[in-house]
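In case you want the letters, here they are:
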Amino acid sequence: MLKVDECRPNLTLSCYATHVPILSDIYKAFEITPKITFQKTYACSCSCSRIHTHTSCCFTLQQNYKTFREREPMSAYKDKDARINGIKDQIRVVPNFPKPGIMFQDITTLLLKPKEFKDTIDMFVERYKGKNISVVAGIEARGFIFGPPIALAIGAKFVPLRKPKKLPGKVISEEYILEYGRDCLEMHVGAVESAERALVVDDLIATGGTLCAAINLLERVGAEVVECACVIELPDLKGRERLNGKPLYVLVESH
Amino acid sequence: MASADVKAQDPRIAGISSAIRVIPDFPKPGIMFQDITTLLLDTKAFRDTIDLFVERYKDKNISVVAGIEARGFIFGPPIALAIGAKFVPMRKPKKLPGEVISEEYSLEYGKDVMEMHVGAVQAGERALIVDDLVATGGTLSAAIRLLERVGVHVVECACVIELPELKGRERLGEKPLFVLVS
């Protein structure tokens with residue numbers, strides 16, 4: 001356990017009951033960008049003007065630190081894996097679809113390139129194999145293209161999450177908000193059991209609304225959502241923040 | 001009952017067939033809906049399903065696997081990846097963002113339209129069309145027409161399930177159809 005000086009910004013990790021450095025300072029010190037859900041915020045007991053954030057116990061903070069040190073980066077593009085540029089180059093941008101002003105990220109051109117399509121799947125499989133994931137949930141319809149190959153390779157079941165009235169059996173539904181109006185995502189009752197570890201897969205994350213609905217569906221039946229995995233992220237739309245604290249892993253970002 | 005298309009003794013068929021759930025009266029009364037989502041929950045049966053298709057097509061010089069939205073998107077890509085072919089989604093109208101060609105087809109009441117991206121396939125390519133199930137064959141026929149219009153040779157249609165009483169096989173004309181379960 002490293003000692004810190006109180007009230008100093010660039011602190012190493014410490015463990016104090018009432019005075020813990022803001023975790024963003026730790027990010028700077030170790031150059032990691034994890035996401036932690038803060039549980040309490042205290043004014044600093046030493047009367048400096050900083051507000052300190054304290055997790056529920058120091059053990060949690062230490063554990064998080066350990067996890068973040070060992071954790072792979074959240075985005076493959078930060079990894080600079082050699083396959084990433086090939087994948088990114090195959091994605092076609094279609095302007096003004098489905099409406100003016102939107103630059104649509106078209107993955108169908110990636111699917112026309114067997115090597116790059118295989119690389120895409122391989123990168124996800126390498127990340128999730130051996131992590132005891134028993135469920136891959138894919139969001140209709142483009143999540144159906146990437147989810148099943150991942151599921152097959154890691155030995156997990158594939159669970160389709162669908163628009164209303166498509167699934168024939170008994171379903172649970174989760175409503176979510178769109179820019180104008182609402183939509184609904186459904187999952188078959190009994191597809192997933194409590195305590196199963198799940199991955200949610202889609203081609204792209206924009207605002208995060210659909211992924212958030214998917215996470216809710218899985219958590220409502222007691223599954224643990226380990227991570228969300230997408231080929232593309234539109235970081236300007238801040239979807240990452242809408243995932244109830246769940247981690248997100250993407251291969252390519254597009255501004 | 002195993003389809004006559006598959007080697008009668010293939011031991012994997014029984015597991016695949018029993019993993020498919022039949023839901024009565026969906027989407028409307030009188031229809032016995034063949035639900036493949038339960039097959040996808042059985043990791044061995046799902047893998048066997050893909051393997052049976054891959055074994056059949058892997059050395060046939062097939063460069064295109066076309067999958068019909070949406071359940072064809074589940075079976076098509078794993079087959080495409082395993083045989084080294086590209087995957088081409090065939091979609092309902094207004095879903096594909098680029099320039100498309102469209103093919104109209106008849107439903108029981110009314111019509112529907114299937115679309116494919118221009119440039120996805122080239123004349124002379126050899127293609128497989130994949131869907132979860134063939135009923136009347138209307139959707140598969142539209143897919144065949146779309147591909148043939150751009151000069152592609154459709155080698156075969158491949159489905160997990162066939163409903164033989166709906167005579168879809170006849171509607172495909174001389175195009176071969178391969179299924180695992182009838």
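The structure displayed is predicted, hence computed values, not measured ones.

Cut-offs and rules
- Residues numbered from 1 in each chain as written.
- Chains lettered and ligands numbered in written order.
- Predicted model: local features only at pLDDT ≥ 70, side-chain atom pairs only at ≥ 80, totals over all residues.
- Heavy atoms only, no water.
- Helix = DSSP H or I, 4+ residues; strand = E, 2+ residues; numbered from the N terminus.
- Rg over C-alpha atoms; globule rule 2.2 N^0.38 Å.
- Buried < 20%, exposed > 50% of the residue type's maximum accessible area, 1.4 Å probe, protein only.
- Contact = heavy atoms within 4.5 Å.
- pLDDT = per-residue confidence, 0-100.
- Expected span 1.5 Å × (residues − 1).
- Pairing = 2+ DSSP bridges.
- Axes fitted to C-alpha atoms, helices over the stretch in contact; angles between N-to-C directions.
- Salt bridge = Lys/Arg side-chain N within 4 Å of Asp/Glu carboxyl O.

Further remarks concern the overall build of chain B. A count of helical and extended segments in chain B gives six helices and nine strands. Rg of the C-alpha trace for chain B: 16 Å, near the compact-globule value of 16 Å for 182 residues, within the 12% margin. Within chain B, the proportion of its 182 residues that are buried is 55%. Sequence-distant contacts, at least 24 apart, represent 59% of the contacts inside chain B between residues at least 6 apart.

Here we come to the confidence of the model for chain B. Chain-level pLDDT for chain B is 94 on average; 95% of the residues reach the 70-or-more range. With pTM at 0.83, the complex prediction returns an ipTM value of 0.95.

What follows concerns helix 6 (residues 114-128) of chain A. An α-helical segment advances 3.6 residues per turn. Residues three or four places apart therefore align on the same side. All names here are of chain A. Across its 15 residues, helix 6 extends 21 Å between first and last C-alpha, which sits within 8% of the 21 Å expected from 1.5 Å per residue. Restricting attention to buried positions, one finds in helix 6 the residues Glu116, Phe117, Asp119, Thr120, Ile121, Met123, Phe124, Val125, Arg127 and Tyr128. At the exit of helix 6 stands Gly130, carrying a positive phi of roughly 75°.

Quick look at the sheet that holds strand 11 (residues 248-253) of chain A now. Residues and elements named next belong to chain A. Taken together, five strands build an open sheet; the order of strands is 6-5-9-10-11 and the sheet is parallel. At either end of the open sheet lies a strand with only one pairing partner, and these are strand 6 (157-161) and strand 11. The sheet shows a mean angle of 20° between the axes of neighbouring strands, direction not considered. In this structure, strand 10 (residues 224-233) lies alongside strand 11, joined through five bridges in parallel fashion.

Turning our eyes to something else, we now look at the sheet that holds strand 9 (residues 177-181) of chain B. All names here are of chain B. Taking strand neighbours across the sheet as the criterion, the five strands line up as 4-3-7-8-9 in an open arrangement whose pairing is parallel. Edge positions in the sheet fall to strand 4 (86-90) and strand 9, since each has one partner strand and no second. On average, adjacent strands in this sheet sit at an angle of 25° to one another, irrespective of strand direction. Examined bridge by bridge, strand 7 (residues 126-134) and strand 8 (residues 153-162) share eight bridges and lie parallel to one another. Note on strand 8: the bridge partner recorded for Ala127 is Val154.

Residues and elements named next belong to chain B. The alternating pattern of strand 5 (residues 100-106) places Ile101, Glu103 and Tyr105 on a buried face, while none of Val100, Ser102, Glu104 and Ser106, on the opposite face, is buried. Pairing geometry for strand 5 and strand 6 (residues 111-117), over seven bridges, is antiparallel. Bridge pairing in strand 6 links Val100 to His117. Between the end of strand 5 and the start of strand 6, which pair antiparallel, lie four residues, with Gly110 showing a positive phi angle near 100°.

Moving on to helix 5 (residues 138-149) of chain B. All names here are of chain B. A rise of 1.5 Å per residue sets the reference length of helix 5, with its twelve residues, at 16 Å; its end C-alpha atoms lie 17 Å apart and thus fit the reference within 8%. Buried residues of helix 5: Gly138, Leu140, Ser141, Ala142, Ala143, Ile144, Leu146 and Leu147, and no others. Looking one or two residues beyond helix 5, the residue adopting positive phi is Gly151, at roughly 85°.

Here we come to the pairing of strand 3 (residues 64-68) of chain B. Residue and element names in this part refer to chain B. Most of strand 3 sits out of view: five of its five residues are buried. Going residue by residue along strand 3, you find Val64, Ala66 and Ile68 tucked away on one face and Val65 and Gly67 tucked away on the opposite face as well. Two strands pair when backbone bridges link them, and strand 3 and strand 4 are joined in this way by five bridges, in the parallel orientation. Paired with Ile68 across the two strands is Met90, which belongs to strand 4.

With that settled, the discussion passes to the pattern of salt bridges. Where charged atoms of side chains with opposite charge meet at close range, the side chains can pair. One pass over the structure, following the stated rule, counts 29 salt bridges over all chains. Arg83 of chain A is the salt-bridge partner of Asp81 of chain A, the closest N and O atoms lying 3.0 Å from each other. Here Glu103 of chain B and Arg149 of chain B are joined by a salt bridge, their closest N and O atoms 2.7 Å apart. Taken together, the positions of Glu103 of chain B in strand 5 and Arg149 of chain B in helix 5 put the pair 46 residues apart, joining distant regions of the chain. Take Arg149 of chain B: its relative accessible area is 48%, and that puts it in the partly exposed class. Three or more residues joined by partner-sharing salt bridges are found here, namely Asp81, Arg83 and Glu126 of chain A.

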